[in-house]
Amino acid sequence: MVYHLQEGSITLPEGVQDRTVNMFVVGNSVPAPLNITVGRDNMLPAEDLNAYISRQIKLITSKLRGYTLLGKKAAELSTGQTFAGIQVDAYYMNDGRPVYQRQAAFEIQPRRILVFSTTSQADFSAVQDENWLKLLTSFQPREGIVASTNTEQE
């Protein structure tokens with residue numbers, strides 16, 4: 001399989017599955033005031049998107065001190081051919097400071113999940129909320145990716 005990166009392409013052996021994470025940061029300071037990541041994952045056998053989200057929340061809660069779920073709601077990815085998903089808003093403590101996190105997961109192929117995440121050092125502003133929605137609606141699937149007809153989301 002030829003795999004395309006922003007910087008070029010590589011040829012991967014047969015059977016390799018993409019589990020990469022892309023990270024984008026605003027500014028040069030550490031920690032960044034805002035970052036965006038795009039990750040890929042798989043659902044377990046017989047797992048739907050709601051069960052996947054619940055499993056991930058339990059996993060994150062066990063690993064991040066003070067992880068607090070603020071809300072969970074339906075989300076959409078792309079325009080035209082939309083992908084139904086679930087958005088989770090939360091915060092946790094890191095070195096005594098709160099980190100606000102927003103994640104949205106979408107089943108882009110059977111059992112394949114695309115996860116968009118953003119974290120901020122402060123609660124998300126109206127501008128950041130608007131930019132988040134613009135990011136999700138800007139997604140354009142590659143040829144051959146078709147939105148799932150399973151719309152049983154929470």
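Everything here concerns the structure above.
In this report, we go over the structure that sits alongside the text. Since the structure is predicted, the reported quantities are computational estimates derived from the model, not experimental observations.

### Re the pairing of strand 7 (residues 97–109)
And step 1. Counting buried positions over the 13 residues of strand 7 gives 10, a clear majority of the element.
And step 2. Two strands pair when backbone bridges link them, and strand 6 (residues 83–94) and strand 7 are joined in this way by 10 bridges, in the antiparallel orientation. Bridge pairing links Ile86 to Ala105 in strand 7.
And step 3. Between strand 6 and strand 7, which follow one another and run antiparallel, lie 2 residues, and Asp95 among them has a positive phi close to 55 degrees.

### What about the nonpolar core?
And step 1. Membership of the largest hydrophobic core comes to 15 residues, with the highest contact counts inside it found for Leu49, Tyr52, Ile53, Tyr67, Val88, Ala105 and Ile113.
And step 2. Within the residue set of this core, elements represented by two or more residues are helix 1 (49–63), strand 6, strand 7 and strand 8 (112–120).
And step 3. In terms of residue count, the dominant contributor to this core is helix 1 (5 residues).
And step 4. One finds Leu77, Ala104, Ile108 and Phe116 within the second-largest nonpolar core, a separate group that totals 14 residues.

### Focus on the environment of Arg111
And step 1. Among the secondary structure elements, Arg111 is positioned in the loop between strand 7 and strand 8.
And step 2. Judged by its relative accessible area of 31%, Arg111 is partly exposed.
And step 3. The spatial distance from the C-alpha of Arg111 to the C-alpha of Asp48 is 8.1 Å, given a sequence separation of 63 residues.
And step 4. In contact with Arg111, other than residues within four places in its own chain, are Asp41, Asn42, Met43, Leu44, Pro45, Ala46 and Glu47.
And step 5. Among the polar contacts listed, one links the side chain of Arg111 to the backbone oxygen of Glu47, at a separation of 2.7 Å.

Basis of the calculations
Residues numbered from 1 in each chain as written. Predicted model: local features only at pLDDT ≥ 70, side-chain atom pairs only at ≥ 80, totals over all residues. Heavy atoms only, no water. Buried < 20%, exposed > 50% of the residue type's maximum accessible area, 1.4 Å probe, protein only. Helix = DSSP H or I, 4+ residues; strand = E, 2+ residues; numbered from the N terminus. Pairing = 2+ DSSP bridges. Core = buried A, V, L, I, M, F, W, Y, C linked by side-chain atoms within 4.5 Å. Contact = heavy atoms within 4.5 Å. Polar contact = N/O pair within 3.5 Å; in protein donor to acceptor, adjacent residues only side chain to side chain.

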